[in-house]
Amino acid sequence: MDNEERLASGEAWREFCERLKASGDRLLGPDFPGGARERAEGYRHLSRLLMQGLLEQVEMSDRDFPVMYRHNDDIMRWGGPNVDNTYWRAPVSAQHTYRVTGWLPPGALFVIQSAHGEMHQNRPGICAERSNDDFAVDPDGSFTFVVSSAPHDGNWLPIDEDTDRISIREYNVEWGAAQPGRFFIERVGNEGGHPAPLNPAGFVGALDRAMTWADDALVFWNRWMDQSRGSAPPNVFYGPRSVPGGAAAIGYGGCSYQLAPDEAMIVTCDIPQARYWSFMIYSYAWFESLDFANRTVSLNNAQIATDPDGRFRLVVAHTDPGVQNWLDTEARPEALISFRWVQSTTMPTPEAQVVPFSQLGQYLPDFITRTTPAQRIDQINLRRHSRALRFRC
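None of these values were measured; they are calculated from a predicted model.

J.: Is there a simple way to explain the sheet that holds strand β14 (residues 298-300) in this structure?
T.: Within a sheet, adjacent strands bond to each other through the backbone by hydrogen bonds, running parallel or antiparallel. A sheet is described by the order of its strands in space; here five strands give the open sequence β10-β11-β17-β13-β14, paired in antiparallel fashion. Two strands close off the open sheet at either side, each with one partner strand: β10 (238-241) and β14. The average angle at which neighbouring strand axes cross in this sheet is 15 degrees, direction not considered. Examined bridge by bridge, strand β11 (residues 250-258) and strand β17 (residues 334-344) share nine bridges and lie antiparallel to one another. From the neighbouring strand, Gln-258 faces β17, where its bridge partner is Glu-334.

Following this line, the structure appears as structure tokens:
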């Protein structure tokens with residue numbers, strides 16, 4: 001029985017559902033946490049991975065009529081996304097030439113790669129990496145570049161025979177302050193054309209790849225987070241370093257914190273000489289970003305108050321400590337704090353100190369920037385507005 005017949009009979013769909021059931025049952029194993037909150041987060045995580053897999057393999061896989069789409073957004077979170085990034089992807093093939101047009105707010109930053117594979121499928125690869133500094137950009141922020149295997153004059157992103165997508169990280173540092181970027185891609189020569197009707201046999205293959213994508217991610221990132229615990233003792237920072245499959249311009253580091261309800265962590269670090277830098281918290285065992293719209297679970301270089309001694313200090317705590325640089329744990333007793341230095345000429349490693357929350361003031365300098373309850377409300381309102389601006393407008 002071929003794939004078209006399997007689809008018509010319902011067999012292909014039943015197999016897809018059986019594979020989803022098996023992935024859900026995997027969450028009941030000893031490799032995954034078993035608490036009520038963690039179990040609920042695990043099933044939600046699997047549903048998000050499946051949405052992403054279907055988006056990748058079913059809806060947005062046409063290399064003849066590609067669409068630049070957002071992924072790893074405020075809903076479908078996987079693989080430790082940077083909440084300051086809007087992530088864009090489009091499928092491409094070295095057999096074709098593509099034209100990408102777009103617009104960014106003046107002074108904004110993006111990093112674009114031609115890539116193939118996924119880290120969680122153990123075959124990541126990068127053909128080329130560029131930033132907006134490498135492209136001629138008009139004064140109003142608009143630009144055009146060509147994507148092709150053959151060299152091209154002007155703004156050009158090379159691809160090779162292994163490349164299956166282009167990937168863009170758009171950095172949104174000034175939350176709520178500017179319109180997000182816009183990107184449009186088209187295959188040269190297909191202007192005015194239209195995709196072929198849905199192919200039944202091809203749809204079966206896409207369903208299979210989508211489920212494989214989700215199942216591989218579920219296992220890989222759980223193991224990744226478990227291994228991150230071994231990178232340094234609890235409450236000690238490691239890194240920064242580059243990550244295979246990531247961008248060469250980014251240095252990553254982190255700390256697996258463990259905090260009792262009455263404890264807080266003070267993070268102290270020299271200010272990096274970076275184009276962009278940030279700290280954020282990720283959940284075990286899913287490597288998801290936390291509720292960045294309603295809580296200060298992340299802070300970047302535009303949001304962090306720096307101190308007159310050339311350093312900055314963050315407070316990681318379960319309740320509001322009344323300082324501007326608060327990383328909210330969502331009351332999680334343990335999680336991963338990750339930092340990023342992007343296009344940085346210095347690579348400092350933060351220091352951490354765990355102290356009683358009730359005695360926090362004794363360990364903080366007088367010059368640290370304080371925050372009132374009203375200012376915290378304004379801070380959260382700005383984050384909510386930025387989420388709507390980036391993902392819902």
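And the narrative resumes.
J.: Can you walk me through the packing of aromatic side chains in this structure?
T.: How two aromatic rings sit relative to each other is set out by the distance from centre to centre and by the angle between their planes. What the rule picks out here adds up to 25 aromatic pairs. Relative to Trp-224, the ring of Phe-220 lies with its centre 5.9 Å away and its plane at 35 degrees, an arrangement referred to as tilted. In this pair, Phe-220 and Trp-224 are both assigned in helix α4 (residues 200-228), four residues apart and thus about one turn of the helix distant. Judged by relative accessible area, Trp-224 falls into the partly exposed class, the value being 26%.

J.: I keep staring at the sheet that holds strand β18 (residues 351-356) and nothing clicks. Help me out?
T.: One open sheet holds the four strands; their spatial order is β16-β15-β12-β18, and the pairing between them is mixed. In the strand order of this sheet, the two ends are held by β16 (326-328) and β18, each with one partner. The average undirected angle you get between the axes of adjacent strands in this sheet is 25 degrees.

Conventions and cut-offs
Residues numbered from 1 in each chain as written. Predicted model: local features only at pLDDT ≥ 70, side-chain atom pairs only at ≥ 80, totals over all residues. Heavy atoms only, no water. Pairing = 2+ DSSP bridges. Helix = DSSP H or I, 4+ residues; strand = E, 2+ residues; numbered from the N terminus. Axes fitted to C-alpha atoms, helices over the stretch in contact; angles between N-to-C directions. Phe/Tyr/Trp six-rings, centres within 6.5 Å; stacked < 30°, edge-to-face > 60°. Buried < 20%, exposed > 50% of the residue type's maximum accessible area, 1.4 Å probe, protein only.

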